[in-house]
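One letter stands for each residue in the lines below.
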Amino acid sequence: MKRARLLRVSGYVASVLGGLTLFVGFLHTKAGRPLLARLGVGCPVKASPADVEVARLSSARALRGVEAAASRPALGFALDSMTLSDVKAWAAKHDLNCDELRTGLMRCTDVPVTAFGDRETGAPVDQLDFGFAPATEHLVNISAWRHGMSGVAAAAQMGSIVSAMQQQLGAPTRQAGDRTADYLASGPMHTAIVEYRFTDYIADVSATNIPGRGLLLREHYMSARD
Amino acid sequence: MEVYVTKWSCLTLALLAGVGCAVAACGSDDDTTGGGGTSGMAAMAGKAAAGAAGKGTAAGGEGGTTGGGAGEGGSGGESTLYTRLGSHDGIAAAIGLIVTKELGDPDIASYFAPNLQVASHKPQAADIEECFTALLGHAAGGSEMYPMTTKSGFVCRGMAEAHSDLHIGSGTFDHFVMIAGGVLKDAHVSDDDITTVAGVLTGTKSTIVDNAAPANGPCIVKACEVGEAGAGGAGGSK
């Protein structure tokens, strides 16, 4: 009698546990995750390098132009063909301070412009980010940041970069703002931007006066190929 | 005894089914990333691009024709920042374009990527856009309320709460502001208005930036490995 009761109770407990388990399982399905989110619980999903690449590609597809680029200048690097190994070799050759922060992202700091070629002049790049497509390890994205520049230095650097790009690519697709030292230095958020948009290549060069940080100069070169 | 065995067999099956279901569901996110994430972003980018192309309505524009049209220094006597930015639709388009351009930066994209993975994860890119639009619209003098509930039912959070788990560094924050400023400049928003908008962003810096975090990303903290309740943008699940 006692045993039968124990079995019956065990059966009830098992049923309840089973039901709860099924419910928890359901919460982690595609249909159940909204409810899980409402309960304030996250389904553990890792943002992999592949996801960052998906985000980059969505950006590139939205921003790219309608004609192919005659060339794709990118600080001397070859987009879509150079690999992580190539960039590492370049960094080693110039004895640079670089780290692979995560798969698909390598960062170098305090890079002298001579590392980009003998003809380059100007201020060192404070932060140089290289993005690689995780599937191929091909270089697809470069961001070069210079921080805390004076108006004179930023205007000169930007002028030099834009001049070189114009020689290779012609007139910019879009540009806005005044690239003079006086304008850039004279107010917060004063910005000059030059953009090139092609089906296979996107490049932005911009300078912005960030309150408390001085002028930031950004060079961004990105493959726009699928 | 037979009943006992049957029930425990059911329990075992249920446990296996439940765990398997959970693992499969979470594990399947990578497979569905392209679908959910891409389509969501494509829709957003398309809207942003359309807004940017129509310079009259997107965040000001060159001699705009529909209420916005700030143009450089183009603020009229009766205009407000809100109308110069193109009112709700103009602000929404500009926010969409800002998010699109931010995703081109590998550092900043790492903070957004978890939100783009699966359509059921919160906040989605569209939620982030709506939250930012409401935040900026409210700050610009529009009728938008912030915090608010997005169309999908997501409740935007305060800046500090939404970003606390992300441990964003000051360098990443400044880069975000710079890219956003470039989008507005490119849309021919006047310097004064860009400064005002940037002030809205930089005014939140102290609540968003973790001074103990590295100045620059990428995001490598746990929150960036959680899609639904953690990462990204202007809001999170409540």
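Residues numbered from 1 in each chain as written. Chains lettered and ligands numbered in written order. Predicted model: local features only at pLDDT ≥ 70, side-chain atom pairs only at ≥ 80, totals over all residues.

This brings us to the overall build of chain A. When helices and strands are tallied, chain A shows six helices and eight strands. Taken from N to C terminus, the helices and strands of chain A fall in the order α-α-α-α-β-β-β-β-α-β-α-β-β-β. Taken across its 226 residues, chain A has 40% of its residues classed as buried. A separation of at least 24 residues holds for 54% of the contacts in chain A among residues at least 6 apart in sequence. (Helix = DSSP H or I, 4+ residues; strand = E, 2+ residues; numbered from the N terminus. Buried ≥ 20, exposed ≤ 12 C-beta atoms within 10 Å, placed from the backbone. Contact = placed C-beta atoms within 7 Å.)

Let's shift gears to the overall build of chain B. Along the backbone of chain B there are ten helices and zero strands. Walking chain B from its N terminus toward its C terminus, one meets helices and strands in the order α-α-α-α-α-α-α-α-α-α. At a minimum sequence separation of 6, the contacts of chain B that also span at least 24 residues come to 72%.

All names here are of chain A. When the pLDDT values of chain A are averaged, the result is 87; 85% of them are 70 or greater. When mean pLDDT is compared element by element in chain A, helix H6 (residues 181–185) scores highest at 97, while helix H2 (residues 33–38) scores lowest at 52. Long-range and interchain partners of residues 40–46, a stretch whose pLDDT sits below 50, account for 28 contacts in this model, where long-range means more than four residues apart. (pLDDT = per-residue confidence, 0-100.)

What follows covers the pairing of strand E3 (residues 125–132) of chain A. Residues and elements named next belong to chain A. Of all eight residues making up E3, seven are buried, and the element is well covered by its neighbours. Of the pairings in the sheet, the one linking strand E2 (residues 105–111) to E3 comprises six bridges and is antiparallel in character. Bridging across to E3, Val-111 finds its partner in Val-125. Strand direction decides the pairing type here: E3 and strand E4 (residues 139–149), joined by six bridges, are antiparallel. In the sheet register, Phe-132 faces E4, and the bridge partner there is Leu-139. The turn linking E3 back onto E4 is made up of six residues, and Glu-137 within it adopts a positive phi angle of 65°. (Pairing = 2+ DSSP bridges.)

Our focus in this paragraph is the environment of Glu-195 of chain A. With respect to the secondary-structure elements, Glu-195 of chain A resides in strand E6 (residues 191–197). C-alpha separation for the pair Glu-195 of chain A and Tyr-183 of chain A, spaced twelve residues apart in sequence, amounts to 19 Å. In this structure Glu-195 of chain A touches Pro-172, Thr-173, Arg-174, Gln-175 and Asp-204 of chain A together with Asp-186 of chain B, once residues within four positions along its chain are discounted.

Turning our attention to the sheet that holds strand E5 (residues 174–176) of chain A. Residue and element names in this part refer to chain A. In space, the eight strands of this open sheet follow the order E1-E2-E3-E4-E8-E7-E6-E5, with antiparallel pairing throughout. Each edge of the open sheet is held by one strand with a lone partner, namely strand E1 (97–102) and E5. On average, adjacent strands in this sheet sit at an angle of 10° to one another, irrespective of strand direction. Each of E1, E3, E4, E6, strand E7 (201–210) and strand E8 (214–223) is contacted by helix H3 (residues 49–63), which is oriented at about 95° to E7, the strand it contacts most. (Axes fitted to C-alpha atoms, helices over the stretch in contact; angles between N-to-C directions.)

The biggest cluster of nonpolar side chains holds 95 residues, and the ones touching the most others in it are Ala-154 of chain A together with Ala-94 of chain B. Setting aside residues no more than four positions away along its own chain, Ala-154 of chain A makes contact with Met-149, Leu-184, Ala-207, Leu-215 and Leu-217 of chain A. (Core = buried A, V, L, I, M, F, W, Y, C linked by C-beta atoms within 7 Å.)

All right, on to helix H9 (residues 191–202) of chain B then. Residues and elements named next belong to chain B. For H9, built from twelve residues, the straight-helix expectation of 16 Å at 1.5 Å per residue is met to within 8% by its first-to-last C-alpha distance of 15 Å. Taken residue by residue, H9 has Asp-191, Asp-193, Ile-194, Val-197, Ala-198 and Leu-201 as its buried positions. Down the axis of H9, the sector holding all buried residues measures 160°, keeping them to one side. On its buried face, H9 is in contact with helix H3 (81–84), helix H6 (125–139) and helix H8 (170–186). (Expected span 1.5 Å × (residues − 1). Arc of directions from axis to C-beta.)

This part takes up unusual backbone geometry. Cis rather than trans, the peptide bond between Tyr-146 of chain B and Pro-147 of chain B has omega equal to 0°. As for its position among the elements, Pro-147 of chain B is in the loop between H6 and helix H7 (159–163). For Leu-75 of chain A, which is not a glycine, the phi torsion comes out positive at approximately 60°. Topologically, Leu-75 of chain A is positioned in the loop between H3 and helix H4 (84–93). A positive phi angle, near 65°, is found at Met-189 of chain A, a position not held by glycine. Within the element layout of this structure, Met-189 of chain A appears in the loop between H6 and E6.

Before going further, it helps to examine the environment of Ser-143 of chain A. Along the chain, the position of Ser-143 of chain A falls in strand E4. A count of 24 C-beta atoms within 10 Å places Ser-143 of chain A in the buried class. Separated by 61 residues in sequence, Ser-143 of chain A and Asp-204 of chain A place their C-alpha atoms 9.5 Å apart. With near-sequence residues (within four places) excluded, Ser-143 of chain A lies in contact with Asp-129, Arg-218 and His-220 of chain A together with Asp-105 and Pro-106 of chain B.

Now for the confidence of the model for chain B. Residue and element names in this part refer to chain B. Scored by pLDDT, chain B has a mean of 66; 56% of the residues are at 70 or more. Looking over chain B, one finds the lowest element-wise mean pLDDT in helix H2 (residues 29–53), namely 32, and the highest in helix H4 (residues 87–102), namely 92. Taken together, the stretch residues 1–76 has pLDDT below 50 and engages in 176 contacts with residues farther than four places along the chain or on a different chain. This prediction of the complex comes with two scores: 0.71 for pTM and 0.75 for ipTM.

All names here are of chain A. A large share of E6 lies buried, amounting to five of its seven residues. Of the strand pairs in this sheet, E5 and E6 are connected by three bridges, and their pairing is antiparallel. Following the sheet pairing, Ala-176 is matched in E6 by Ile-193. Here E6 runs beside E7; their pairing, made up of seven bridges, is antiparallel. Across the sheet, the residue bridging to Ile-193 is Ser-206, located in E7.

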